[in-house]
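Spelled out from the first residue to the last, the chains are:
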Amino acid sequence: MIALWSEGSRDRMGSMLKDHKLLNLTSVNSWRTVQATPRNEAMLAVVGMEAGFETDNVAVISEQDILGDRLVRPRKASRKLDNFISEVTSLASGDLVVHVEHGIGRFRRLADARRRRRTA
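Residues numbered from 1 in each chain as written. Predicted model: local features only at pLDDT ≥ 70, side-chain atom pairs only at ≥ 80, totals over all residues. Heavy atoms only, no water.

A.B. asks: Go over the overall build of the protein with me, naming the residues and quoting the values.
C.D. replies: Scanning the protein for helices and strands turns up 5 helices and 7 strands. Counting every position in the protein, which comprises 120 residues, the buried fraction comes to 21%. Total accessible area on the protein stands at roughly 10200 Å², and carbon and sulfur atoms take up 51% of it. (Helix = DSSP H or I, 4+ residues; strand = E, 2+ residues; numbered from the N terminus. Buried < 20%, exposed > 50% of the residue type's maximum accessible area, 1.4 Å probe, protein only. Areas by Shrake-Rupley, 256 points an atom, 1.4 Å probe, with all protein chains shown as cover.)

A.B. asks: So what's going on with the pairing of strand E6 (residues 96–99)? Which residues, and what values?
C.D. replies: Each regular strand displays side chains that alternate between the two surfaces of the sheet. Alignment of E6 against strand E7 (residues 103–106), held across 4 bridges, turns out to be antiparallel. Counted as the bridge partner of Val-97 is Gly-105 from E7. Count of turn residues in the E6/E7 antiparallel hairpin: 3 residues. (Pairing = 2+ DSSP bridges.)

A.B. asks: I'd like a rundown of the nonpolar core, residues and numbers included.
C.D. replies: Grouped together as the largest cluster of nonpolar side chains are 9 residues: Met-1, Ala-3, Val-28, Val-34, Met-43, Ala-45, Met-49, Val-58 and Val-60. Contacts of Val-34, omitting those with residues within four sequence positions, involve Met-1, Val-28, Met-43 and Val-58. Counting 7 residues, the second largest nonpolar core, distinct from the first, contains Ile-2, Met-13, Leu-17 and Ala-42. (Core = buried A, V, L, I, M, F, W, Y, C linked by side-chain atoms within 4.5 Å. Contact = heavy atoms within 4.5 Å.)

A.B. asks: Quick one: what's the story with the pattern of salt bridges, residue by residue and with numbers?
C.D. replies: Under the counting rule described, the total for this entry stands at 1 salt bridge. Residue Arg-10 pairs with Glu-7 through a salt bridge whose shortest N-O separation is 2.8 Å. Here the residue Arg-10 and the residue Glu-7 both occupy positions in helix H1 (residues 7–19), the gap between them amounting to 3 residues, near one helical turn. (Salt bridge = Lys/Arg side-chain N within 4 Å of Asp/Glu carboxyl O.)

A.B. asks: Describe unusual backbone geometry, with residues and values.
C.D. replies: Look at Lys-21: it is not a glycine, yet its phi comes out positive at around 70°. By secondary structure assignment, the location of Lys-21 is in the loop between H1 and strand E2 (25–28).

A.B. asks: Help me get a handle on the pairing of strand E3 (residues 42–46), residues and values and all.
C.D. replies: Counted residue by residue, E3 has 4 buried out of 5 residues, so it is predominantly covered. In terms of strand pairing, E2 meets E3 through 4 bridges, oriented parallel. When the bridges of E3 are listed, Leu-25 appears paired with Ala-42. Crossover connection from E2 via helix H2 (residues 31–36) to parallel E3: handedness right-handed. (Right-handed = clockwise from strand over helix to strand, strands pointing away.)

A.B. asks: Which residues make up the sheet that holds strand E1 (residues 2–4), and what are the values?
C.D. replies: Taken in spatial order, the 5 strands of this open sheet run E2-E3-E1-E5-E4, and their pairing is mixed. Of all strands in the sheet, those with a lone pairing partner are E2 and strand E4 (53–54), marking the two edges. Contacts between H1 and the sheet are confined to E1, E2 and E3, with E3 contributing the most and set at about 160° to the helix. (Axes fitted to C-alpha atoms, helices over the stretch in contact; angles between N-to-C directions.)

A.B. asks: Which residues make up a nonpolar patch on the surface, and what are the values?
C.D. replies: Judged by side-chain polarity, Ile-61, Ile-66 and Leu-67 come together as a nonpolar surface patch covering roughly 250 Å² of accessible area. When you line up the elements, Ile-66 lands in helix H3 (residues 63–67). (Patch = residues over 30% accessible without salt bridge, like charges linked within 9 Å, V, L, I, M, F, W, Y side chains within 5 Å.)

A.B. asks: Help me get a handle on H1, residues and values and all.
C.D. replies: Over its 13 residues, H1 extends 18 Å from the first C-alpha to the last, a length consistent with the 18 Å expected when each residue adds 1.5 Å. In the stretch just after H1, Lys-21 is the one whose phi turns positive, near 70°. (Expected span 1.5 Å × (residues − 1).)

Function-wise, these values are silent; they only describe arrangement.
This is the structure in C-alpha cells:
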C-alpha cells in the first residue's frame, strides 16, 4: 500500500505509476479493504504518514519514501487592513503606483464607493 497525504497526491501518484506501467492500482479507503485486496495489487490510500513500514501481511510505503521530504511552502503573510489604509493615505495625486491587474499607473484619487454605486 502507498500512503499519500491527500486526494490530489493519490491522483498524481496513480498517474505517475501508470506512466511507469504499474497498472494494478486500487484506491482504498479502509483497512478492511487493504486486507481484502489481492497481494499482487498496489493500493493507494490517503493516510498521512511520513515513513512506511512492513508486516508479514502488508508493506506500506509512504509518499515521502518515494518522493523524498515534503516541501512545505511558507504561508504568505497576510497584509492587515490597517497597513493598507496607512499606505493608501500616504499617496499623493500624481504618484506612480503598481496595480496587481493593471500594471503601472499614476494615482489620482480614491474613488468613493458610495458615489460609484449611485452612478452605476
